[in-house]
Amino acid sequence: PGWAFKNNGIMFHAQAPETMLIDQNFPVSIEAQLLGGNGTEERPTANVCTPGTDILIDGQMAEAHCISAEAPTIHGEEWVTFELEVRGDSIIHHLINGDTVMSYSKPQVGGDLPEGYAYPEGTPITSGYSAPQAESHPYEFRKVELQDLSR
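Reading the values: the criteria
- Residues numbered from 1 in each chain as written.
- Predicted model: local features only at pLDDT ≥ 70, side-chain atom pairs only at ≥ 80, totals over all residues.
- Heavy atoms only, no water.
- Helix = DSSP H or I, 4+ residues; strand = E, 2+ residues; numbered from the N terminus.
- Rg over C-alpha atoms; globule rule 2.2 N^0.38 Å.
- Buried < 20%, exposed > 50% of the residue type's maximum accessible area, 1.4 Å probe, protein only.
- Areas by Shrake-Rupley, 256 points an atom, 1.4 Å probe, with all protein chains shown as cover.
- Contact = heavy atoms within 4.5 Å.
- Pairing = 2+ DSSP bridges.

On to the overall build of the protein chain. Of regular secondary structure, the protein chain possesses zero helices and 10 strands. For the protein chain, the N- to C-terminal ordering of α and β elements is β-β-β-β-β-β-β-β-β-β. For the protein chain, whose C-alpha radius of gyration is 15 Å, the value lies close to the compact-globule estimate of 15 Å for 151 residues. Its C-alpha atoms put the protein chain at 40 × 35 × 30 Å along the principal axes. For the protein chain, buried positions account for 40% of its 151 residues. Of the roughly 9,300 Å² of accessible surface on the protein chain, 51% is carried by carbon and sulfur atoms.

Given below as structure tokens:
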């Protein structure tokens, strides 16, 4: 399908793998969505999607499941530096080649939750697992670094 074309990402603040339910498609998490262009149409990268979560953008609860970043469309196959700055449950920034293209705050459990999920809607999400997500096309990661920002 069209949504799957060059669609991958980083899932973070994700629930523990052993708590995933049998019929659950995605972990309750936040997805920094990495999209590639098709060569002609605008399709920004570094968006955010919220499977089983809610976030605030400019102090307002985001209503859409996926929100586009103010980011470029990457049509080719060049290397792009993507940074994800996550400050617990306060502020989160997406950066492309050093430029902040999206910011949001207050991640919490909410939205379309899997039936039987252990935490109630509105529970703040302060930490969790991180994982590369491959929904469709292969991506290459030249280098992956994690840095503890709490120090």
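After that view of the structure, there is still more to cover.
Tracing the chain through its elements places T50 in the loop between β3 (47-49) and β4 (53-57). Residue classification places T50 among the buried positions, given a relative accessible area of 10%. Residues within four places of T50 in sequence aside, it is in contact with S29, I55, A64 and H65.

This part is about the sheet that holds strand β2 (residues 30-35). Taken in spatial order, the five strands make up an open sheet running β6-β3-β2-β1-β10, and their pairing is antiparallel. Lying at the two open borders of the sheet, with one neighbouring strand each, are β6 (66-67) and β10 (129-134). Here β2 runs beside β3; their pairing, made up of three bridges, is antiparallel. By the bridge assignment, A32 is partnered in β3 with V48.

Shape descriptors only; they carry no functional weight alone.
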